[in-house]
Each structure stands twice: as structure tokens, then as C-alpha cells.
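# Chains, contacts and geometry: an overview
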Amino acid sequence: MTKMKKATLIIKNIGQLITMAGPAPRTGAQMSDLGLIENGGIAVSGEEILFVGESEKIEGQAELAEGCTVIDAKGMVVTPGFIDPHTHPVFSKTREKEFEMRIQGKTYMEIAESGGGIRSSVRDLRETDFATLKEKTKERLDRFLSYGVTTIEAKSGYGLSLESELKQLEVINELNKTHILDLIPTFLGAHEVPDEYRSDREAYINIIINEMIPAVTKNNLAEFSDIFTEEGVFTIAESKKIQQTAKDAGLKLKFHADELQSTGGGELAAELGSVSADHLVYISDDGIEAMAKSKTVAVLLPGTTFSLSGKQYAPARKMIDEGVIVALSTDCNPGSSCSESLPIIISLAALQLKMTAAEAITAVTVNAAAAVDRIGKIGQLVEGMQADITIWDMGDYRELPYHYGVNLVSQVVKKGKLAISN
Ligand code: NIG
Ligand code: FE
């Protein structure tokens, strides 16, 4: 602890301070360890955490700067600000009609094949001007923040032309500068084959490889490259070609893998050293073994299975038992999962993936940090790390999955500043 730096914000009287200090990321039984301190306190200096420990020790440890914000947590629960490692927040129109069609018996793939789904969002996005798109995305970021989320990964993938993919990535990059939330941009040009290339998919793949990836890297618009590897979307061979090109160009990798059928996407992600593979409802046993070995993070999206009325959820227990790094996310998008709430995802993780509250909290903090390659920076409340902190109006963290469908956020501190105070 540095005596030199003065505290600009302190939080005292924290009933349960969940620090997540310790192994990063966490696997197996480590996922149950929250690094919990009872009657805890935190001191922050500027954007960084200065001290974490017992409440009564903070004032002795850190000299308070003039005008220091003092928050009395009154026995509440404090966690690292949540990280959502898989979102598609840049879109214009919502698709509630498709939701209703699914309720009436159509499947997600039937709707997609008849021209709806991702392609309808593509037509819509291409017609939407930059300012409108930015404003609509901003509203979604505000909603994420209100649910205790302080960082999101955000994908393109509704442009599917050079111009419109860059437009989406520019929205993400601009909002990262102007909005208090941190956004991590991912290029998802291989989200679907757009209408105009349905009879010549090879030509579209060549545009991704020869035009989009070079433009994205040249302008430094994305950190990751993602792809929808799925029966009827991109094959394993196509995925390998596109993602190898992205990797060679300096992008880190992510995959939408084994979401609706088992295609070997999990195995391919592991083979290419992907940072994460996401969905994984139908991952094979070999895929699980390969991901555990390669330390590819499994980002599970139970909100998508829920919103698609799926009968089968991802095999979370098996993955945890086999030593896969498991994270959780909303998959926030206009089609398969329209929600900005990680707390509801934690409830679904408990009920459908059979994860405990502690495992689910691990999955949206330190393990979600691994899914966006930010270990050591966010996702843990440890001296020197970014001061992203959520205060929850509850006395026991296990209330999080149990008390579902309501917002229990009391306050959110982002980069050391009070961003939400309810
Ligand atoms: O993660 N699976 C592919 N992409 C999104 C859905 C996008 C959409 O339907 O608009 C997903 O579920
Ligand atoms: Fe997705």
C-alpha cells in the first residue's frame, strides 16, 4: 500500500466484500472462492484501487484527499463491476415479431432462412444513419451500467459490407471514448452471408479476407475477430480460413460455436488458440477436453437458450468439472437474446446451468476478464487494478440469482467515479 497516494473515494461498512483476489482466471473448485472479506472497505485513488481490507482499517491506511467521496455501504454486498464478454449492442430496430413467431412454433433457423433473423437487422442497419445508431446504442449502454456492468465486449456483424461493418465499429469506438462504460470492439463480418451474396458465398468470404480484415486492422477498429460457425452459416473450413487470416493480421479470436448443432467449433477455437468460444450448447466431449487444454474461455449464454425456448442448455457442470474456464454473458442482441441484464443471466445460470451464486459471480468478473483478455486490469478488486465497483442492495451475495427479475444495484463506481446512485 502506497502512503503517497491519497484516497479520492472510499467505501466502508461493506457486509460482504467480494474481491475475487487470488487465481485468475479460475477453474474447477477455485470458481467457488470469492475472496470474500466481511465488514470490508475499499479506498480508491483516481481511477485505481488503493487499498482493500477491513472497513475500520481504511481510514488509517489511506490519507483522504480533499473532497474525497465517502460511501457508507451499510452492510451491503460489493463486487467488482460486472464484465459482459459477448454483446451485439449496435442495431436499430428490435425484432419482437420474430420472438412471437417463435412462440407460435417457428424455429430461429427457419426465420433466418426465410430472410428474417440477422439479415433483417443487416438491411435495417445499412439504412440507419450514424447518429441514430450511436444514440440507440448509447441507450443500451446506459441500461448495462444500471445493472452493475462496467465493461462490455461489443461486436459488429449487422453491416456485412465494408462500409457498414466499419460504421458499426466506429460507433463502438466513439462510444468507448464518450461513454463511461468501457467497450471492447470485435469485428464480426462473418456473422452471416448477406442477401446480395447468397448465390456466391465465396465472393463474400473473399471480401472479408481481402477488404474487411485489412481495413479493420489498418484503422485499429477492433481487438477481436469473431465468426458464426454453424450449420447453414459458416462451415468449419470457411471459419478456419477466415479466422486464420484475422489472426495473422493481429486480431485475437472469438467464435460463436456449437450453438444450435455440434459442428466442431469448440475444437477449432481451441486449435487456433482463440481467447474464447461462445454458446457451446452442443459442444462435444472432445471439444471440452480441447478447450480445457488450450485455456480457451467458454462464454456461456443461457439467456439465448431461454429466449429461443431451447430445451437443452450448455453443459456447464461438465465443463467446470473438466477444468474449462467458464464465463457468462447476455449475448445482448435484437434476435436471440434481447437483454442488458447480467443479473437475470446469473439466475438462469443457477437454475438451468446448475451453477452456484459464487461460480456465476466468478463467471461475470475474473473469468469474464479472461474472455476479453483483461486479466490483471479488471474483474478483481485488488490494489492497482481499475476501480470498477458495484454495490448491491442485499446482505448476502446468494440473493443475486434468487431474487430475480428486479434491479438490486445500489451504486456503481466506474474508474473511481460514482456513475450510478440509486
Ligand atoms: O449470438 N448466433 C449468432 N448471433 C447472435 C444472434 C444474432 C441475431 O439473431 O441477430 C447470437 O445468438
Ligand atoms: Fe452472439
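Residues numbered from 1 in each chain as written. Chains lettered and ligands numbered in written order. Predicted model: local features only at pLDDT ≥ 70, side-chain atom pairs only at ≥ 80, totals over all residues. Heavy atoms only, no water.

Below, the discussion takes up the packing of aromatic side chains. The description of an aromatic ring pair uses the distance of the two centres, along with the angle that the planes make with each other. Under the criterion given, the structure shown has 2 aromatic pairs. With 5.1 Å between their ring centres and 40 degrees between their planes, Phe82 and Trp392 make a pair best called tilted. In this pair, Phe82 sits in strand E6 (residues 82-84) while Trp392 sits in strand E14 (residues 389-392), placing the two residues 310 residues apart along the sequence. On the numbers, 5.9 Å between centres and 35 degrees between planes, the contact of Tyr197 with Tyr204 is tilted. Taking relative accessible area as the criterion, Tyr204 reaches 0% and is therefore assigned buried. One Lys or Arg, Arg140, reaches over the ring of Phe91 and ends 3.5 Å from the middle of that ring. (Phe/Tyr/Trp six-rings, centres within 6.5 Å; stacked < 30°, edge-to-face > 60°. Helix = DSSP H or I, 4+ residues; strand = E, 2+ residues; numbered from the N terminus. Buried < 20%, exposed > 50% of the residue type's maximum accessible area, 1.4 Å probe, protein only. Lys NZ or Arg CZ within 6 Å of the ring centre and 35° of its normal.)

All right, on to the packing of helix H7 (residues 201-218) against helix H8 (residues 236-248) then. At a minimum axis distance of 10 Å, the contact between H7 and H8 shows a crossing angle of 10 degrees. Comparing the axis directions of H7 and H8 gives the class roughly parallel. Judged by residue contacts, Arg201, Glu202, Ile205, Asn206, Ile208, Ile209 and Ile213 of H7 engage Glu238, Lys241, Ile242, Thr245 and Ala246 from H8. Classifying every residue of the contact of H7 with H8 gives 6 nonpolar, 2 polar and 4 charged. (Axes fitted to C-alpha atoms, helices over the stretch in contact; angles between N-to-C directions. Parallel < 35°, antiparallel > 145°, perpendicular 65-115°, else oblique. Contact = heavy atoms within 4.5 Å. Nonpolar A, V, L, I, M, F, W, Y, C, P; charged D, E, K, R; others polar.)

What follows is about the nonpolar core. Ranked by size, the top nonpolar core spans 99 residues in total, and within it Phe234, Ile242, Leu280, Leu300, Met319, Leu328 and Met355 carry the most contacts. Here the element with the most residues in this core is H7; it accounts for 9 residues. Taken together, domain 1 (7-80 + 380-421) and domain 2 (82-371) each give at least three residues to this core, which thus spans both. Every residue in contact with Phe234, bar those within four places of it in the chain, is listed here: Ala190, His191, Glu192, Val193, Arg201, Tyr204, Ile205, Ile227, Phe228, Thr229, Ser239 and Ile242. (Core = buried A, V, L, I, M, F, W, Y, C linked by side-chain atoms within 4.5 Å. Domains from an automatic or database assignment.)

The next subject is helix H5 (residues 130-146). Each turn of an α-helix holds 3.6 residues, which means side chains three or four residues apart point in the same direction. In this model H5 runs 24 Å from its N-terminal to its C-terminal C-alpha over 17 residues, within 8% of the 24 Å that 1.5 Å per residue would give. For H5, the set of buried residues is Leu133, Thr137, Arg140, Leu141, Phe144 and Leu145. For H5, the buried positions fall inside an angular range of 145 degrees around the axis, keeping them on one side. Where H5 ends, the next residue or the one after it, Gly148, has phi of about 85 degrees, a positive value. (Expected span 1.5 Å × (residues − 1). Arc of directions from axis to C-beta.)

Per the domain assignment, the segments of the chain are domain 1 (7-80 + 380-421) and domain 2 (82-371). Taken together, the contact pairs 32 residues of domain 1 with 31 residues of domain 2. Summed over both partners, the interface of domain 1 with domain 2 buries about 2,500 Å², with 72% contributed by carbon and sulfur atoms. Of all residues in domain 1, the largest losses of buried area upon contact with domain 2 belong to Met31, Pro401 and Lys414, amounting jointly to 25% of the total for that side. At the surface where domain 1 touches domain 2, the tally comes to 2 salt bridges. With its nearest N and O atoms 3.2 Å apart, the salt bridge here joins Lys415 to Asp182. Those elements that provide at least two residues to the side of domain 1 that touches domain 2 are strand E5 (77-80), E14, helix H16 (399-402), strand E15 (409-414) and strand E16 (417-421). (Buried area = accessible area lost by both parts, 1.4 Å probe. Salt bridge = Lys/Arg side-chain N within 4 Å of Asp/Glu carboxyl O.)

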